[in-house]
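Architecture at a glance
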2 protein chains.
Amino acid sequence: MARSADPVLAERRRRQILDAAMACFRRRGFHQTSMQEICAEAHLSAGALYRYFASKAEIISAIAEDDWRGREPLFEAIERGPDVVAAVCALAEHALETCGGDGSLVAEVIAESIRDPEMSQRFADHDAIFRRRLTLALAAAQRRGLAKLAITPDHAAGIVMLMLDGLVLRAAGFGAARARPLLKDFRVAVEHLFVPAPPPPRRAVKLVAAEIDS
Amino acid sequence: MARSADPVLAERRRRQILDAAMACFRRRGFHQTSMQEICAEAHLSAGALYRYFASKAEIISAIAEDDWRGREPLFEAIERGPDVVAAVCALAEHALETCGGDGSLVAEVIAESIRDPEMSQRFADHDAIFRRRLTLALAAAQRRGLAKLAITPDHAAGIVMLMLDGLVLRAAGFGAARARPLLKDFRVAVEHLFVPAPPPPRRAVKLVAAEIDS
DNA sequence: ACCTGAACACCGTTCAAGT
DNA sequence: ACCTGAACACCGTTCAAGT
């Protein structure tokens, strides 16, 4: 928003406000936190804050944007790492960690994105990107012989994403501690979708089919 | 809340308020709807409304309770129906329908349950019941020979629930239309978890393993 | 240019007063 | 017993006035 003459100050103020907001939201949740509280935490007046963020929703949105960064390494691990199953599970663990802590921010971001159409669109876009990226990573792993998929990479990506949402939703709603056991379910599912290429057998086995009358 | 001398009137008023609230929430979302609007829609004053519901959250909670009823038939279809895969997919379709329509109530319920600790606890309880019930249904289907599970019924239940949440979250956030394609992913996953017992083969096949030097 | 903080238009909830 | 609606204690946001 703010047309600023001093971009350095502007950036400093934005971080100052974002950090204050995150602290407040973590303590009391998005809607329980008043702008006055954020102002107090950031040592700024209401008027000053509105120079840098047009609304409370815009603050939440900026926090979500922060969260979406730095997920690329996880995809690269799927593409190139030695253990695809482990790398996909790392995606789930990362999701759980991000949602970790009880007064989680992610819960607030989800809640807000469900309500606010603009945030929702932003989420849908990110969702599509995420799926494409995951599909590509899985297909790459498959081509390199790192994984034998029981189904197409695209379906696998879709299923993994559905389950990730399940984890995130529970972590957000019930706390990371209650969601953690579900990682086991996640892993079991992944293991059945990604039939890992068996290690080169020390003894080959030949299967012979013989017809018998029934 | 309301200690009422006339339980018939009380019940009528509760329905009246709930119906008005649902109409308002569907139109404008939970937090965008003011109590004044609900009062107007229900043709009651604010004071009267608060005789029957202690807070806005309690109204949302009552709506969720309504939603949780009548899911039992779906479990029974899993237990007893001829096609377990189809019955499990019906669970997903039901979830999508419930979340259907754009200004969905479910989105509001999710958002609120994430925020409000009491609602969250209620959700966690229902979640545990749901998992037990689904596990039982799957185990029963398995015992009756209707399904051969690739994994334990409990894991299968957990995975199905994770994916259901994924569907619900997207339906709530992006609209049922954008979530519907994911049903295909869901089905593919279910088909791989529930290896259906193959139809009695017209010709039996005997597998013979013969060791060979590698 | 940047900031302040009182003022504005709301909100959910309560409670004295009516019938 | 049941209901009304003005009043209360807030809220997010704005904007005239300061430096």
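Numbering of residues starts from 1 in every chain and runs along the sequence as written. Throughout, the order in which chains and ligands are written sets their labels, letters from A for the former and numbers from 1 for the latter. The model is predicted, so local features are restricted to residues of pLDDT at least 70 and side-chain atom pairs to those at 80 or more, both for listing and for counting; the totals for chains, interfaces and linings are taken over all residues. Neither water nor hydrogens contribute to the side-chain values; these are computed over all heavy atoms in the structure.

**Focus: the overall build of chain A**
- Summing up its helical and strand segments, chain A has 11 helices and three strands in all.
- Numbered from the N terminus, helices here are DSSP runs of H or I no shorter than four residues, and strands are runs of E no shorter than two. When the elements of chain A are put in sequence order from the N terminus, they spell out α-α-α-α-α-α-α-α-β-α-α-α-β-β.
- Three labels apply to residues, based on accessible area from a 1.4 Å probe with only protein chains included: buried if under 20% of the type maximum, exposed if over 50%, partly exposed otherwise in between. A buried classification covers 50% of the 214 residues belonging to chain A.
- Note on definitions: a residue-residue contact is assigned when non-hydrogen atoms from the two residues lie within 4.5 Å. Sequence separation of at least 24 residues holds for 69% of the intrachain contacts in chain A that already meet a minimum separation of 6.

**Observations regarding helix α2 (residues 35-42) of chain A**
Residue and element names in this part refer to chain A.
- Every buried residue belonging to α2 is among Met35, Ile38, Cys39 and Ala42, and all of these are buried. In a view along the axis of α2, the buried residues occupy a sector of 100°, so they form one face of it. Among the exposed residues of α2, those oriented more than 90 degrees off its buried face are Gln36 and Ala40.
- Its buried side turned inward, α2 meets α1 (7-28), α3 (46-52) and α4 (56-68).
- Backbone geometry just after α2 places His43 at a positive phi near 55°. Each direction from the helix axis to a C-beta atom contributes to the arc, which is the arc of those directions.

**Side note on the protein's contact with DNA strand D**
- Neighbouring DNA strand D are 20 residues; Met35(A), Tyr50(A), Lys56(A), Arg13(B) and Tyr52(B) lie closest to it.
- Here a residue counts as near a molecule or strand whenever at least one of its heavy atoms sits within 4 Å of it. Sugar and phosphate atoms represent 63% of those atoms of DNA strand D found within 4 Å of the protein.
- Residues adjacent in sequence count toward polar contacts only when both atoms are side-chain atoms; beyond that, a polar contact is any pair of N or O atoms within 3.5 Å, and within protein one must be able to donate a hydrogen and the other to accept it. A distance of 2.3 Å separates a phosphate oxygen of DNA strand D from a polar atom in the side chain of Tyr50(A).
- Residue Arg13(B) places a side-chain N or O atom 2.4 Å away from a phosphate oxygen belonging to DNA strand D.

**Structural notes on the state of the cysteines**
- Disulfide: a pair of cysteine sulfur atoms within 2.5 Å of each other. Tallied over the full model, the rule gives zero disulfides over all chains.
- With no disulfide of its own, Cys24(A) has Cys39(A) as its nearest cysteine by sulfur position, at a separation of 9.3 Å.

**Looking at α1(A)**
Residue and element names in this part refer to chain A.
- The first and last C-alpha atoms of α1 sit 31 Å apart over 22 residues, in line with the 32 Å expected at 1.5 Å per residue.
- What α1 keeps buried is the set Ala10, Ile17, Leu18, Ala20, Ala21, Met22, Cys24 and Phe25.
- Backbone nitrogen of Val8 and a side-chain oxygen of the N-cap are separated by 3.1 Å at the start of α1; the cap is Asp6.
- Phi for Gly29, located one or two positions after α1, is positive at around 85°. A helix is expected to span 1.5 Å multiplied by its residue count minus one.

**Structural notes on the protein's contact with DNA strand C**
- Surrounding DNA strand C, one finds 20 residues, the nearest of these being Arg13(A), Tyr52(A), Met35(B), Tyr50(B) and Lys56(B).
- Within 4 Å of the protein, the contacting atoms of DNA strand C are 67% sugar and phosphate, with bases supplying the remainder.
- Gly47(A) is positioned such that a nitrogen or oxygen atom in its backbone is 3.1 Å from a base oxygen of DNA strand C.
- Broken down by element, the residue count for the surface near DNA strand C peaks at four residues, all from α3(A).

**Focus on the nonpolar core**
- Definition of nonpolar core: a set of buried residues of the types Ala, Val, Leu, Ile, Met, Phe, Trp, Tyr and Cys, connected through side-chain atoms within 4.5 Å. By size, the foremost hydrophobic cluster in this structure holds 94 residues, and its most contacted members are Phe186(A), Phe194(A), Phe186(B) and Phe194(B).
- Sequence-distant contacts of Phe194(A), that is, excluding residues within four places in its chain, are made with Val84(A), Val85(A), Val88(A), Leu138(A), Ala147(A), Lys148(A), Leu149(A) and Ala156(A).

**Quick notes on the packing of aromatic side chains**
Residue and element names in this part refer to chain A.
- Aromatic pairs are defined between Phe, Tyr and Trp rings, using the six-membered ring for Trp, whenever the two ring centres lie within 6.5 Å; interplanar angles under 30 degrees are classed as stacked, those over 60 as edge-to-face, and all others as tilted. With the rule as written, the count across this model stands at six aromatic pairs over all chains.
- With 5.0 Å between their ring centres and 75° between their planes, Phe25 and Phe30 make a pair best called edge-to-face.
- On the basis of relative accessible area, Phe25 is assigned to the buried category, the value being 0%.
- Take Phe30: its relative accessible area is 2%, and that puts it in the buried class.

**What about the environment of Val84(B)?**
All names here are of chain B.
- Examined against the element boundaries, Val84 turns out to sit in helix α6 (residues 84-98).
- Remark: the alpha-carbon pair of Val84 and Phe194, spanning 110 residues in sequence, is separated by 8.2 Å.
- Residues within four places of Val84 in sequence aside, it is in contact with Ile78, Leu138, Ala141, Leu146, Ala147 and Phe194.

**Details of the pattern of salt bridges**
Residue and element names in this part refer to chain A.
- Whenever Lys or Arg places a side-chain nitrogen within 4 Å of a carboxyl oxygen from Asp or Glu, that contact is recorded as a salt bridge. Scanning the model with the defined rule gives 26 salt bridges over all chains in all.
- The closest approach of N and O atoms between Arg15 and Asp19, which form a salt bridge, is 3.4 Å. One end of the pair is Arg15 and the other is Asp19, both in helix α1 and four residues apart, which spans about a single turn.
- Via salt bridges that share partners, Arg15, Asp19 and Asp66 belong to a single interconnected network.

**So, the packing of helix α5 (residues 72-80) of chain B against helix α8 (residues 117-143) of chain B**
All names here are of chain B.
- For helices, the fitted line uses only the C-alpha atoms of the stretch in contact; every axis is such a line through C-alpha atoms, and the angle between N-to-C directions lies from 0 to 180 degrees. Two numbers describe how α5 lies on α8: the axes approach to 7 Å, and their chain directions differ by 25°. The angle between α5 and α8 falls in the class roughly parallel. Of α8, the residues touching α5 (which contributes Glu72, Phe75, Glu76, Ile78 and Glu79) are Phe130, Arg133, Leu134, Ala137, Leu138, Ala140 and Ala141.
- For this classification, Asp, Glu, Lys and Arg are treated as charged, while Ala, Val, Leu, Ile, Met, Phe, Trp, Tyr, Cys and Pro are nonpolar and the rest, including Gly, are polar. Of the residues belonging to the contact of α5 with α8, the class tally is eight nonpolar, no polar and four charged. Just so you know how the angles are binned, under 35 degrees is roughly parallel, over 145 roughly antiparallel, 65 to 115 roughly perpendicular, and the rest oblique.

**What about the side chain of Lys56(B)?**
Residues and elements named next belong to chain B.
- Along the chain, Lys56 turns up in helix α4 (residues 56-68).
- Neither His nor the chain termini are counted; the positive set is Lys and Arg, and the negative set is Asp and Glu. One buried charged side chain, Lys56, makes no salt bridge at all; its nearest oppositely charged neighbour is Glu37, positioned 7.6 Å away.
- If we skip the residues at most four places from it in the chain, Lys56 touches Phe30, His31, Thr33 and Met35.

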